[in-house]
Amino acid sequence: MSLPGFTPPPNFENVASQIEGITVFAPRPETPPQPERVEFKCPNCGAATRFDVSAGGVACEHCSYQAQTASQVIGLQAKTSEFTLEALSRFAQGWGTQRRVMHCNSCGGDISMPEGALSITCPFCASNEVNLRSDTTSSTRPGFLIPFKIQPQENASRLRAWLSKGWFHPENLTSLASTDQFVGIYLPFWTFDAQIQANWKAEVGYERQVRYYDHGSKGWRTRTEIDWVWKTGQVHLDINSLLITGTSHISHRIAEKILPFDLDQLVAYAPDYLAGWQALAYDIDLPTAWERGKAMMREKAKTSCYHSIDSPHVRNFSMNADFSNESWRYILLPIYLSTYRYEGKTFQVMVNGQNGVIAGQKPVAWWKIWTAIAAMFAPGILLGLIGLLLLIFGGIGIIPLGIALVLVFAALFFSIWLYQKALDSEAA
Amino acid sequence: MTQDAAFPSEKPIETEDNFWGTLGFRAAGCANCQKAYLVKASPDTAVLCPNCCVANLVAQPAYLRREPPELIIPFNLKAENIRITLEKFVNEVWLRPDDCNTDILVQRIQPVFFPMWLIDCNIYGIWEAEAGFTYHVKSSQEFFSHGQWQTREEIEERVRWEKRTGQISRCYENVPVPATQDYPELIRQIGAYALDTAQPFEPKWLNAAIIRIPDESDQNSWYAAQSTLDKKAAQECQQAAGAQYQRSFSLTAEYRSPNWTQLLLPVYITYYTADNGQRQQIFINGQNGKVGGVRLASQRKGWQLAGIAFGTALLLAILGALTMLITPLVPPIGIIGIILLFLALCAGVAAIIPVVYPWQWNRRQLPLKISRSE
């Protein structure tokens, strides 16, 4: 029986009741847009539209049509989710707009593509051998993203300027590098928040100067002794929006170099932002990413504990880090990916789509490195030889030999540093 | 709703009458506590008021509905069982008053029927609440020791609150409602009755028992019924929503077709006189034998026992002292003196116990006292 006059509040819907004679109405879940097909077509001329960075909305390249994307900047107020697996299932599946996943047979990368695109150069490996396959993986919908702020056409000049930097790269790099087009792609990231209450216990050593009589030199000297004391302490840490990559198909080393992103510019996810752009779904799932994030957080806590100790001498250090209020977000961040070829080799480049910071692999002119290393060792070796010659004539040779030894050690140190830097420049 | 009309109407009972199909009952009341009863009409027999156990009941008019109670739970205890139960109850008290004795208590037992209402009612309305659903969150604790991290995962339960609303159309049957003001306290002391064992009322079940006349007004009884019905509705709405918790429940309802049924509950009442001269009731559930009431220890007895112990201690101390005085003459007797002094000390310390025990015991009994209008 129903009473006359009962109207459920707006946005409430009837849900299952476990008792006969009682009806239950609950707030309608904030259902994200259904994965219905959204066609981005110009209402004026019918041409395909895409998200235009300068217009800040969907725009038509053929006529003057522009439509602002109705999404406010939420920033770090963006809603976080708790660490419950049920929370994952609450999120809608799919992307909201019909997209297809392109699978690269060369590097294994999966790229979500706008419908209509049949092939594309893989932004990860520059391979053209890309096959289509249906999107069988169910992904959690990203909740927020940062839209592209850097115009695609700015990237060429940015790349040229970047290639021309540094002395140990080939001189003709800027002119001979055949650059592929930059591909704007939204990459998946996880952000993690947590509060950590860390309690530590350690033996802390305090230096003490002790004067003693040295029977060898028949004089008074001082030496440093350390008194060890057991100490305990507490550190409270608030970690906000720790970024962890959600894809394994990009170089994490390069990606870290283009960080950070200004997360104050986060907006709620809307399919408009992806119109005409690529987007990649996560393949590093939440538990795996959280384990990485947690490992970083606990190391931060450990460092904070060490910093709270008022002495550099610490031994038998132990601590426990109690995590609370852990939460996460699944977001998309804008990155331009590109590759260029030089002397038959492929090099990867990334540009932060929000602030334009560029990083990537750069070939090394190894002859410059070896010449520099030789030049660094030369003074030491030369002085060493002179010292040896002088030793024939007497003890004076010991001084240049000593200086030569110092120079050789300095050269060795700088050579290793330079070599590492060169390897780092080429590494993916 | 017009629940007043639905409440059984009461009429004054002024003289001996043969209502309820039985002869010889008359209304009587206590001048001390103003409680009213139906007692067997015999003007020569004095009946002590079972409520205050102070004054005898005297004939008076009373308001009572003319219809007999629909249900009754008959007395179900044998006399020997009552004695055993009472003995066990009072023997738990050390230093109890002399009047708190099983034989005396059994002798003073009065069978009394307490009335209560059972209401059947349909509820139609709209409810609203915040439903709490539990969910589990994974948290962790990280331990660093000897250069290695160890993780201990913890599952925390949290509650998510969501608004729920809806309609309710339910019928509730046999919802218990007090008919007397002291009913809730009585049930708290002697436990609830198994209402499913109630039988249709027949005068033969009354025997020599006296019957308490309801003293809750019909308005109060209705409010109590409404409150109980609302609580039942709240529980069912929570269940309907599948929620583990509920808060801010509100119900806008119509209560239709209320049907009142009166039920008589069997209670044995006896009493003892405490140190201060006040009579303390002891109640026995006439169905299952559970005993309730205030068991006071006698402070007077405590002081008496303490006096004896202290006197003994004093005597032992004097003897010990005298013995010690003659010890220089007969040295071996010194050991007896020491023993006597030690015993005097023990008796002196033990004298404190009977003083403290009744005080502590009686403090614990205070919350059990039934609030009575005297």
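Since the structure is predicted, the reported quantities are computational estimates derived from the model, not experimental observations.

Novice: Tell me about the overall build of chain A, and please be specific about residues and values.
Specialist: The helix and strand inventory of chain A stands at 7 helices and 18 strands. Of the contacts made within chain A by residues no fewer than 6 positions apart, 73% connect residues no fewer than 24 positions apart. Carbon and sulfur atoms form 55% of the exposed surface of chain A, whose accessible area is close to 22,400 Å².

Novice: Hey, could you go over the overall build of chain B for me, with residue numbers and the actual values?
Specialist: Within chain B one finds 8 helices and 13 strands. In chain B, once contacts between residues fewer than 6 apart in sequence are set aside, the share between residues at least 24 apart is 76%. Accessible surface, chain B: about 18,700 Å² in total, of which carbon and sulfur atoms supply 56%.

Novice: Residues and numbers for the environment of G29(B), please.
Specialist: All names here are of chain B. Here G29 is to be found in strand β2 (residues 25–30). Residues G29 and A59, 30 residues apart in the sequence, show an inter-C-alpha distance of 6.3 Å. Residues in contact with G29, not counting those within four places in the same chain, are K35, A36, N56, L57, V58 and Q60.

Novice: Which residues make up the interface of chain A and chain B, and what are the values?
Specialist: On the chain B side, the residues contacting the 36 residues of chain A number 35 residues. Taking both sides of the interface into account, the surface hidden between chain A and chain B amounts to around 3,200 Å²; carbon and sulfur atoms contribute 53%. Our count for the chain A to chain B interface comes out at 3 salt bridges. Notably, a salt bridge pairs K294(A) with E142(B), separated by 3.6 Å at the nearest N-O pair. In this assembly, chain A and chain B are joined by 17 residue pairs in polar contact (both at pLDDT 80 or more).

Novice: Help me get a handle on the pattern of salt bridges, residues and values and all.
Specialist: Following the criterion strictly, the structure yields 33 salt bridges over all chains and no others. Close ionic contact of E225(A) with R223(A) constitutes a salt bridge, the shortest N to O distance being 3.0 Å. R256(B) is paired through a salt bridge with E254(B); the nearest N and O atoms lie 2.8 Å apart. The exposure class of R256(B) is partly exposed, given its relative accessible area of 29%. Connected through salt bridges with shared partners, the residues R208(A), R223(A), E225(A) and D227(A) form a single ionic network.

Novice: Please set out the sheet that holds strand β4 (residues 57–60) of chain A residue by residue, giving values where relevant.
Specialist: Residues and elements named next belong to chain A. Reading across from one edge, β3-β4-β5 is the order of the 3 strands in this open sheet, with antiparallel pairing throughout. Each edge of the open sheet is held by one strand with a lone partner, namely β3 (49–52) and β5 (66–68). On average, each strand axis in the sheet is inclined to that of its neighbour by 25°, with strand direction left out of account. Relative to β4, β3 runs antiparallel, the two being bridged by 4 bridges. Paired with T49 across the strands is C60, a residue of β4.

Novice: Any details on the pairing of β2(B)? Residues and values, ideally.
Specialist: Residues and elements named next belong to chain B. For β2, the tally of buried residues reaches 6 of 6 residues, placing the bulk of the element in the interior. Here β2 shows no split at all, with F25, A27 and G29 on one side and R26, A28 and C30 on the other all buried. Pairing of β2 with strand β3 (residues 36–40), which is carried by 5 bridges, proceeds in the antiparallel orientation. Note that in β3 the partner of R26 across the bridge is V39. Where β2 lies against strand β4 (residues 57–59), 3 bridges are found, and the strand directions are antiparallel. In the sheet register, G29 faces β4, and the bridge partner there is V58.

Novice: Break down the packing of helix α6 (residues 299–326) of chain B against helix α7 (residues 334–350) of chain B for me, citing the residues and quoting the values.
Specialist: All names here are of chain B. It is at 8 Å that the axes of α6 and α7 come closest, and there the two elements cross at 160°. With respect to α7, the axis of α6 lies roughly antiparallel. For the crossing formed where α6 meets α7, the hand is left-handed. Judged by residue contacts, A309, A313, L316, A317, L319, G320, A321, T323 and M324 of α6 engage G334, I336, G337, I338, L340, L341, L343, A344, A347 and G348 from α7.

Novice: Could you give me a rundown of unusual backbone geometry, with the residues and numbers involved?
Specialist: Residue P260(A) follows L259(A) across a cis peptide bond; omega there is 5°. Examined against the element boundaries, P260(A) turns out to sit in the loop between α4 (252–257) and β14 (267–268). For N11(A), which is not a glycine, the phi torsion comes out positive at approximately 65°. In this structure, N11(A) sits in the segment before β1 (12–15). One non-glycine residue, S257(B), lies in the positive phi region at around 50°. Residue classification places S257(B) among the exposed residues on the basis of a relative accessible area of 56%.

Novice: For the confidence of the model for chain B, give the residues involved together with the corresponding values.
Specialist: All names here are of chain B. Model confidence for chain B is summarised by a mean pLDDT of 87, while 91% of its residues fall at 70 or above. Confidence, expressed as mean pLDDT per element, reaches its minimum in chain B at helix α1 (residues 3–6) with 45 and its maximum at strand β6 (residues 71–72) with 94. Across residues 1–5, confidence stays below pLDDT 50; counting only partners more than four residues off in sequence or on other chains, it has 6 contacts. Within the model, the stretch residues 370–374 combines pLDDT values under 50 with 14 contacts to residues more than four positions away or in other chains.

Novice: How would you sum up the nonpolar core? Please name residues and give values.
Specialist: If you look at the biggest cluster of nonpolar residues, it comprises 34 residues, and the most contacted ones within it are W190(A), F192(A), I196(A), W200(A), M297(A), F317(A) and M319(A). For this core, the secondary-structure elements that each account for two or more residues are β12 (183–214), β13 (219–245), α5 (286–308) and β16 (313–342) of chain A together with β7 (110–145) of chain B. It is β12(A) that provides the largest number of residues to this core, a total of 8 residues. Residues contacting F317(A), with those up to four places away along its chain left out, are W200(A), K201(A), A202(A), K302(A), C305(A), Y306(A), I309(A), F144(B), S145(B) and H146(B).

Novice: Summarise the packing of α6(B) against helix α8 (residues 353–365) of chain B; cite the residues concerned and give the values.
Specialist: Residues and elements named next belong to chain B. Two elements in contact, α6 and α8, have axes separated by 7 Å at closest approach and are oriented at 165°. Overall, the two elements α6 and α8 adopt an arrangement that is roughly antiparallel. The element α6 and its partner α8 pack so that their crossing is right-handed. For the pair α6 and α8, contact is made by Q299, G302, W303, L305 and A306 and by P354, V355, P358 and W359, respectively. Here the residues of the contact of α6 with α8 are counted per class, giving 7 nonpolar, 2 polar and no charged.

Novice: Which residues make up helix α2 (residues 154–163) of chain A, and what values go with them?
Specialist: Listed as buried for α2(A) are N155(A), L159(A), W162(A) and L163(A). In an axial view of α2(A), the angular spread of the buried residues amounts to 95°, which keeps them on one side of the axis.

Novice: Explain the packing of aromatic side chains to me, and be specific about the residues and the numbers.
Specialist: Enumeration over the complete set of coordinates arrives at 31 aromatic pairs over all chains. Ring centres of W117(B) and W260(B) lie 5.8 Å apart, and the angle between their planes is 80°; on these two criteria the pair is classed as edge-to-face. Of this pair, W117(B) sits in strand β7 while W260(B) sits in strand β11 (residues 245–273); the two residues are 143 residues apart in sequence, bridging distant segments of the chain. A residue is classified by how much of its surface remains accessible, and W117(B), at 3% relative accessible area, is buried. Linked through ring pairs, F148(A), Y186(A), W277(A) and Y336(A) together constitute an aromatic cluster. The residue whose ring lies beneath K201(A) is W230(A), and the NZ or CZ to ring-centre distance is 5.2 Å. The cationic tip of R223(A) hangs over the ring face of Y212(A); the distance from NZ or CZ to the ring centre is 4.8 Å.

About the cut-offs
Residues numbered from 1 in each chain as written. Chains lettered and ligands numbered in written order. Predicted model: local features only at pLDDT ≥ 70, side-chain atom pairs only at ≥ 80, totals over all residues. Heavy atoms only, no water. Helix = DSSP H or I, 4+ residues; strand = E, 2+ residues; numbered from the N terminus. Contact = heavy atoms within 4.5 Å. Areas by Shrake-Rupley, 256 points an atom, 1.4 Å probe, with all protein chains shown as cover. Buried area = accessible area lost by both parts, 1.4 Å probe. Salt bridge = Lys/Arg side-chain N within 4 Å of Asp/Glu carboxyl O. Polar contact = N/O pair within 3.5 Å; in protein donor to acceptor, adjacent residues only side chain to side chain. Buried < 20%, exposed > 50% of the residue type's maximum accessible area, 1.4 Å probe, protein only. Pairing = 2+ DSSP bridges. Axes fitted to C-alpha atoms, helices over the stretch in contact; angles between N-to-C directions. Parallel < 35°, antiparallel > 145°, perpendicular 65-115°, else oblique. Left-handed = near helix turned anticlockwise from the far one by under 90°. pLDDT = per-residue confidence, 0-100. Core = buried A, V, L, I, M, F, W, Y, C linked by side-chain atoms within 4.5 Å. Nonpolar A, V, L, I, M, F, W, Y, C, P; charged D, E, K, R; others polar. Arc of directions from axis to C-beta. Phe/Tyr/Trp six-rings, centres within 6.5 Å; stacked < 30°, edge-to-face > 60°. Lys NZ or Arg CZ within 6 Å of the ring centre and 35° of its normal.

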